[in-house]
Amino acid sequence: MLAANILVANVAYAARLVMPLLLLPVLSHRLDTADYGVYMYAMAVAQWLSLFVEFGFNLSATRQISSAVSHESIAVIVTDTQNARFTLAVCAALPALGLLWSPQFASAPLWVVVAWAYGSLSALVPQYYFQGTQQLRDIAIAELASAAATLILVMTFVGTYNQGVMLPLLVLAPRLATTSYLTLRMRRMLGKVHSGDYSFTSAKQSLSAGLDLFKFQIYVSLYTSFNLILAGQFCSAAQIGAYASADRILRAGLGFFGQISAAVYPKFVAMRAEGNITLHRARLIAIVGMLCLGLLGAATVWMAAPLLSRLLFGRAHELASEILRIQSMVVPAIAISNVISFQFMLVDGQDRSLNRVVLAAAVANVPLCYLLMTHHGVRGGAVSWVVIEWAISAALITMALFQHNFNRNKVSA
């Protein structure tokens, strides 16, 4: 069951992020440099806004559903979570409107609306429900269909002279269809016990339960996706396009680590709740396995960067290749920090300790990224990310070893 869920989770992720990579060579050849940069920047903003709407529920609500004792209690969790997400989607319009003054959107304000809508729709997918109940096949099928539809529509209808309105519509339509289908599918699976009435009180309860994990994800975004948001304020559209393109490739690969951890996470939560004595051994296997995958991934990205950039990005391939090689150095660090964050600290309920680490990283990254970008452009943003990720990994390893020694000494005493 666990192996099947890992496989399905990665299929769903591949549909959502890897398959859309096929759009990049189409768009880089059909759009001019400025329009391509605006599109990539809008998608980066959408990803950042989605973190606000998602609010960490894919972790906190998954954990609640995994340990729920009845179908009725799962329905209550779902109702509270959906109410909270709809509230946050409305609130996310405010920071989106602030981006109307961004240099990247000065000549294309429609993309601000697209970024908000796409980010909100992505976050409204009830992934937490399917993860918590370990039924991921529906997400995989829906995301695969959505990615394929987007690719086909863009290749068919977007040309050199009609992308102004057509491209935003073609990007949003499959996303809306996917979110609607999965929400309806969840409601049917819940059956009569599910109450769909909106209540701000239930929204507040869910927001309170997920606050610590929301902080965690926002802090993480301040040293990852925020680098691109920051670059959009003083770098050219051409540099934004190259950086975002390289970033899209790397994050598509890195996301597989997250999907593996997300699929394993409910199982580890259940093992800890049951007092399963094999949990420690399972954690060691997870660390070794993810580290090996991380080293292999870094080597693969480094070697493939020139070829991938040349095939996908055309005019921007040289800068994209350089950025991708710099970013490849984060892969082992993220593999390590991912497994320790999910399978150790979150499983053990150490949300606040984890938040302290990522908050320190976020605080350090913003001035570091700004300083490096002002001297080295978007390359500086890539270097800042590498430095911060390795610092986080070192801190998490230290904390995990300390906790392990503490627990062993406690048992011995």
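Structure shown above.
Because the structure is a prediction, the values reported are computed rather than measured.

A.B. asks: Can you break down the overall build of the protein residue by residue, with the values?
C.D. replies: The number of helices and strands found in the protein is 18 helices and 0 strands. Of all 413 residues assigned to the protein, the portion counted as buried reaches 54%. Restricting to contacts in the protein with at least 6 residues of sequence separation, those with at least 24 account for 85%. About 18100 Å² of surface is accessible on the protein, with carbon and sulfur atoms providing 68% of the total.

A.B. asks: I'd love a proper account of the packing of aromatic side chains, names of residues and values included.
C.D. replies: If you walk through the whole model with that rule in mind, you get 5 aromatic pairs. Arranged with centres 5.8 Å apart and planes meeting at 80°, the rings of Y39 and W111 form a pair that is edge-to-face. In this pair, Y39 is assigned in helix 3 (residues 33–54) and W111 in helix 7 (residues 110–124), connecting sequence segments 72 residues apart. Comparing Y39 with W111 shows no difference in burial state: the two are buried.

A.B. asks: Let's hear about the side chain of T150: which residues, and what values?
C.D. replies: Tracing the sequence through the fold places T150 in helix 9 (residues 137–157). Those residues in contact with T150 that lie beyond four places of it in its chain are L23, L170 and P174.

A.B. asks: Can you lay out the packing of helix 4 (residues 57–66) against helix 13 (residues 237–274) for me, pointing to particular residues and giving the numbers?
C.D. replies: When two helices pack together, their arrangement is given by the angle between the helix axes and by the axis-to-axis distance. Between helix 4 and helix 13, the least distance of the axes is 10 Å, while the angle of their chain directions is 45°. In terms of their interaxial angle, helix 4 and helix 13 are classed as oblique. The handedness of the crossing between helix 4 and helix 13 is right-handed. Counting all contacts with helix 4, which are made through L59, T62, R63 and S66, the residues of helix 13 involved are Y265, P266 and V269. Its residues placed into classes, the contact of helix 4 with helix 13 shows 4 nonpolar, 2 polar and 1 charged.

A.B. asks: Go over the environment of L184 with me, naming the residues and quoting the values.
C.D. replies: With respect to the helices, strands and loops of the structure, L184 is situated in helix 10 (residues 163–190). For L184 and P126, which are 58 residues apart along the polypeptide, the C-alpha to C-alpha distance reads 9.9 Å.

A.B. asks: Describe the pattern of salt bridges, with residues and values.
C.D. replies: All chains considered together, the criterion is met by 4 salt bridges. In this structure, the salt-bridge partner of E54 is R85, at a minimum N-O distance of 3.5 Å. Highlighted residues: E54 in helix 3 and R85 in helix 5 (residues 71–91), separated in sequence by 31 residues. Overall, the relative accessible area of 0% leaves R85 in the buried class. R379 is paired through a salt bridge with E322; the nearest N and O atoms lie 2.8 Å apart. Of the two residues, R379 sits in helix 18 (residues 378–412) while E322 sits in helix 15 (residues 317–327), which places them 57 residues apart along the sequence. By relative accessible area, which is 34% here, R379 ends up partly exposed. With a relative accessible area of 36%, E322 lands in the partly exposed category.

A.B. asks: Account for the layout of surface pockets, naming residues and giving values.
C.D. replies: A volume near 360 Å³ is recorded for the second largest pocket. Around the second largest pocket, the lining is made up of 17 residues, and of these I249, G253, L254, G297 and V301 lie nearest the centre. Counting only elements with at least two residues in the lining of the second largest pocket, the list comes to helix 13 and helix 14 (279–313). The element that contributes the greatest number of residues to the lining of the second largest pocket is helix 14, accounting for 8 residues. Its residues placed into classes, the lining of the second largest pocket shows 14 nonpolar, 3 polar and no charged.

A.B. asks: Would you mind going over a nonpolar patch on the surface in detail, with residue names and values included?
C.D. replies: Residues L94, L97, L100 and W101 make up a contiguous nonpolar surface patch of about 500 Å² in total accessible area. Residue position: L100 is located in the loop between helix 6 (93–98) and helix 7.

A.B. asks: Pulling in residues and values, what's your account of helix 9?
C.D. replies: End to end, helix 9 covers 30 Å across 21 residues, agreeing with the expected 30 Å (1.5 Å per residue, within 8%). The set of residues buried in helix 9 consists of D138, I139, A140, A142, E143, S146, A147, T150, L151 and V154.

Rules of the game
Residues numbered from 1 in each chain as written. Predicted model: local features only at pLDDT ≥ 70, side-chain atom pairs only at ≥ 80, totals over all residues. Heavy atoms only, no water. Helix = DSSP H or I, 4+ residues; strand = E, 2+ residues; numbered from the N terminus. Buried < 20%, exposed > 50% of the residue type's maximum accessible area, 1.4 Å probe, protein only. Contact = heavy atoms within 4.5 Å. Areas by Shrake-Rupley, 256 points an atom, 1.4 Å probe, with all protein chains shown as cover. Phe/Tyr/Trp six-rings, centres within 6.5 Å; stacked < 30°, edge-to-face > 60°. Axes fitted to C-alpha atoms, helices over the stretch in contact; angles between N-to-C directions. Parallel < 35°, antiparallel > 145°, perpendicular 65-115°, else oblique. Left-handed = near helix turned anticlockwise from the far one by under 90°. Nonpolar A, V, L, I, M, F, W, Y, C, P; charged D, E, K, R; others polar. Salt bridge = Lys/Arg side-chain N within 4 Å of Asp/Glu carboxyl O. 1 Å grid on protein atoms, 1.4 Å probe; cavity = no way out; pocket = protein on both sides within 12 Å on 5 of 7 lines; lining within 4 Å. Points joined across faces, edges and corners; volume = space filled by probe spheres on them. Patch = residues over 30% accessible without salt bridge, like charges linked within 9 Å, V, L, I, M, F, W, Y side chains within 5 Å. Expected span 1.5 Å × (residues − 1).

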